[in-house]
Amino acid sequence: MELYHVVTAIGIFIIIYGVIISEKIHRTTIAVFGAVMLLLFKIITQEQAIDTIDFNTIGLLIGMMIIVSILRRTGAFEYLAIKAAKSVKGDPWKIIAVFSIFTALASALLDNVTTILLIVPITLVITDTLELSPIPFVLPLILASNIGGTATLIGDPPNIMIGSAAGLGFVDFIVNLAPIIVVILAVVILIFRMIYKKQLTITEDKRAKIMAMDENLAIRDAVLLKKGLIVLALTMVGFVLHQYLNFESASVALIGAGLLLLISKVEVEDVLLEIEWPTIFFFTALFILVGGLEAVGVIDFLAQGLLNLTGGDLFFMVILILWGSAIASAFLDNIPFVATMIPLIKSMAAMSAISVTPLWWALALGACLGGNGTLVGASANVIASGMLEKHGQKLGFMSYLKTGFPIMLVSIVLSTIYLIVFYL
Amino acid sequence: MRNIINSAEVSQHTIKLQQLGAKVQLVNSTLCYVNFSLEGLELQYAYNVNYKGNYFLERIKPYPLALQEVSDEKGVVKIISEDVDKFKNALQSNHSQSFISMAQQISRIFTVFEDTFLNYNIPFEKVEKMYKKILALEFEIDMIREISSEIYSEENKDGKSE
């Protein structure tokens, strides 16, 4: 590999990364541009570029997006949310607690952004009914969606990428990450209880309005709901068993999506229109960009540097990756960060005799939970604040930071203790 | 990102409307705005295209009018084209601006009328009086049409205004 290729690849990568961080140009536009620049400057060939794309990640994302797009039409989420709000008799603090648990659970099975898209609209309807500011309700939901998403292979895109690259399955993620996520969620809910318990009070007439809501009116298509839940349940069983049945996780998601498309009779063009194609293209372009760095040997060079820095000490590496990825993900998009870290960890595994499995868990915990640190740390945060703004409420960077960052630090401290006790 | 946030807002509307007892059907569609400028007069139409093949067409400017629901794209273009032709023709009249002002006034009257109907308790004799005046205006317009020569019809599309 000539020096020209190395310098060009690094230059393209740094410029594209900088523009993604600046948010001056849509992240997908600039990532695709960067990927094709690698082809233009002959850093990699088209065949090599295609080889770098992780189709397991892409397939899993598309499959789950299809299933969620169809499930959204049933009104099941709204039904459950209204029922939950009524079950706690419209008590604001209890609504926050129940919705946070509900969001974390949903986020473990669905993408974080999707979960926020489903839970925030009904939350805003409830806060309108209670005539309360929606911010104390939506803020815990943002945090809960990022926390819940960390628990499973399919809960957050970084986990999908890590699982695919490291050969870790759905059950591996549940067994290794879900326990600490339950603890973190419980602690975060307790923190919010201290903040909001006495602040939020309502009158009897507002409570009566919540109790008068009819959850049955939210169900748009009962037949589709049954079909959707059956396929979702089968897909979850598929995820649990995929390693034993020798199926890639993408195959499970796509089989579920294909089956639901067939039996739901929903217009396929409408479903495919709702797939987040910009996200899919962003992933594809990132794989190519990082593949370019790998091809010119930069990733191996960085891996060697990291090994030298840590002296090959696993404890030091786990702490460095956990805290480094948490701080980085609080301010940067965690998807390109994880896309870069994955080949780095794989290179370190190839160069040394250490077992890198704890590093994958450190990366997953750091990258997913780090997103809670700032308003720009995760897509779910940005979308929820956009929804609040459209609703006439401003959740600013600093007001989010005051709550989000300390809670992120608490979650990373808990993760550090967990990793030290069980893996080091 | 904008599309995602908009779709979440639609969800919020849907939940509120469902709680009012509505059945809400969401249909993906494309909204088309069509603009013409005829001798300084702005003509604007909007129509909605969806995969079910229904086109909801309405004129927005110079005064709003729901033209009709048509079932194919050719129908939309035909209706707009005829409407533009009629305006081109009408603009040759010295009275065109007066007619446009009157049409805009009628639109405003309808808004006031609806506000009156929905927000006020009007005595019966006043309702009767309004109804008679509206019928009288309609009759007057019909009478004027009868004594005037028709300058635009399907058979006489190239007719000229006087």
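One can find the structure itself at the top, above this paragraph.
What counts, and at which threshold
Residues numbered from 1 in each chain as written. Chains lettered and ligands numbered in written order. Predicted model: local features only at pLDDT ≥ 70, side-chain atom pairs only at ≥ 80, totals over all residues. Helix = DSSP H or I, 4+ residues; strand = E, 2+ residues; numbered from the N terminus. Rg over C-alpha atoms; globule rule 2.2 N^0.38 Å. Buried ≥ 20, exposed ≤ 12 C-beta atoms within 10 Å, placed from the backbone. Contact = placed C-beta atoms within 7 Å. Axes fitted to C-alpha atoms, helices over the stretch in contact; angles between N-to-C directions. Parallel < 35°, antiparallel > 145°, perpendicular 65-115°, else oblique. Left-handed = near helix turned anticlockwise from the far one by under 90°. Nonpolar A, V, L, I, M, F, W, Y, C, P; charged D, E, K, R; others polar. Pairing = 2+ DSSP bridges. Expected span 1.5 Å × (residues − 1).

J.: How do you make sense of the overall build of chain B when you look at a structure like this?
T.: Broken down by element type, chain B carries four helices and four strands. Ordered by position in the sequence, the α and β elements of chain B form the string α-β-β-β-β-α-α-α. For 162 residues, the compact-globule estimate of 2.2 N^0.38 gives 15 Å, and chain B exceeds it by more than 25% at 20 Å. Taken along its principal axes, the extent of the C-alpha atoms in chain B is 55 × 45 × 25 Å. Expressed as a percentage of the 162 residues in chain B, the buried residues total 9%. At a minimum sequence separation of 6, the contacts of chain B that also span at least 24 residues come to 31%.

J.: So what exactly am I meant to see when it comes to the environment of A:Ser251 here?
T.: All names here are of chain A. With respect to the helices and strands, the residue Ser251 is situated in helix 13 (residues 249-264). Exposure remark for Ser251: the 17 C-beta atoms within 10 Å place this residue in the partly exposed category. In sequence terms Ser251 and Leu369 are 118 residues apart; their C-alpha atoms lie 27 Å from each other.

J.: So what exactly am I meant to see when it comes to the packing of helix 4 (residues 55-72) of chain A against helix 12 (residues 222-241) of chain A here?
T.: If you want to describe how two helices pack, look at the angle between their axes and the distance between the axes. Residue and element names in this part refer to chain A. Close contact between helix 4 and helix 12 brings their axes to 10 Å; oriented N to C, the two are set at 155°. The pairing of helix 4 with helix 12 is recorded here as roughly antiparallel in orientation. Considering only the axes of helix 4 and helix 12, their crossing is left-handed. For the pair helix 4 and helix 12, contact is made by Ile67, Ile70 and Leu71 and by Gly228, Val231, Leu232 and Thr235, respectively. A breakdown of the residues in the contact of helix 4 with helix 12 according to their chemical character gives five nonpolar, two polar and no charged.

J.: Honestly, the sheet that holds strand 3 (residues 55-61) of chain B in this entry has me stumped. Any pointers?
T.: Two orientations exist for strands paired in a sheet by backbone hydrogen bonds: parallel and antiparallel. Residue and element names in this part refer to chain B. Spatial strand order, 1-2-3-4: four strands in an open sheet with antiparallel pairing. Either end of the sheet is taken by a strand with one partner, and the two such strands are strand 1 (29-38) and strand 4 (65-70). The sheet shows a mean angle of 20° between the axes of neighbouring strands, taken without regard to direction. For strand 2 (residues 41-50) and strand 3, the ladder comprises six bridges, and the chain directions are antiparallel. Within strand 3, the position partnered with Asn48 by the bridge is Phe56. Strands in contact with helix 2 (residues 73-90) are strand 1, strand 2, strand 3 and strand 4; relative to strand 4, the strand with the most contacts, it is inclined by about 150°.

J.: Which parts of the structure should I look at to understand helix 1 (residues 2-19) of chain B?
T.: Note that an α-helix has 3.6 residues per turn; residues three or four places apart therefore point the same way. In a regular helix each residue adds 1.5 Å, so 18 residues correspond to 26 Å; helix 1 of chain B covers 26 Å between its end C-alpha atoms and thus fits that length. Here helix 1 of chain B has its buried residues at B:Ile4, B:Ile5, B:Ala8, B:Ser11, B:Thr14, B:Ile15 and B:Gln18. Close packing links the buried residues of helix 1 of chain B with helix 5 (76-87), helix 7 (112-130) and helix 20 (379-390) of chain A.

J.: I'm lost on the pairing of strand 4 of chain B in this one. Help?
T.: Remark: a regular strand shows side chains that alternate across the two faces of the sheet. Residue and element names in this part refer to chain B. Both strand 3 and strand 4 contribute to a ladder of five bridges, which runs antiparallel. Considered in strand 4, the bridge of Leu57 is made with Gln68. Once strand 3 ends, the chain turns through three residues before running back antiparallel as strand 4.

J.: Even after reading the chapter, I still don't get unusual backbone geometry, so can you show me in this structure?
T.: Among all residues except glycine, the phi angle is most often negative; among peptide bonds, the trans geometry is most common. Of note, the amide linkage connecting B:Lys61 to B:Pro62 takes the cis form, showing an omega dihedral of 10°. Relative to the helices and strands, B:Pro62 resides in the loop between strand 3 and strand 4. At A:Glu23, a position not held by glycine, the phi torsion is positive, near 60°. Residue placement: A:Glu23 occurs in the loop between helix 1 (3-22) and helix 2 (27-40). The class for A:Glu23 is exposed, based on 12 C-beta atoms found within 10 Å. For A:Lys89, which is not glycine, the phi dihedral falls at a positive 55°. Within the secondary structure, A:Lys89 is located in the loop between helix 5 and helix 6 (92-109).

J.: For this particular structure, what's the right way to read the pairing of strand 1 of chain B?
T.: Residue and element names in this part refer to chain B. Where burial is concerned, little of strand 1 is hidden: zero out of the ten residues are buried. Sheet topology places strand 1 next to strand 2; ten bridges connect them, and they run antiparallel. Across the sheet, residue Phe36 finds its bridge partner in strand 2, namely Leu43. As consecutive antiparallel partners, strand 1 and strand 2 are separated by two residues, and within that stretch Glu39 has a phi angle of approximately 45°, a positive value.

J.: Looking at this structure, how should I read the packing of helix 4 of chain A against helix 13 of chain A?
T.: Residues and elements named next belong to chain A. Where helix 4 meets helix 13, the closest approach of the two axes is 8 Å, and the angle between their N-to-C directions is 30°. Judged on the interaxial angle alone, helix 13 and helix 4 are roughly parallel. The handedness of the crossing between helix 4 and helix 13 is left-handed. Across the interface between the two elements, Phe55, Asn56, Gly59, Leu60, Gly63, Met64, Ile66, Ile67 and Ile70 of helix 4 pack against Ser249, Ala250, Ala253, Leu254, Gly256, Ala257, Leu260, Leu261 and Ser264 of helix 13. Classifying every residue of the contact of helix 4 with helix 13 gives twelve nonpolar, six polar and no charged.

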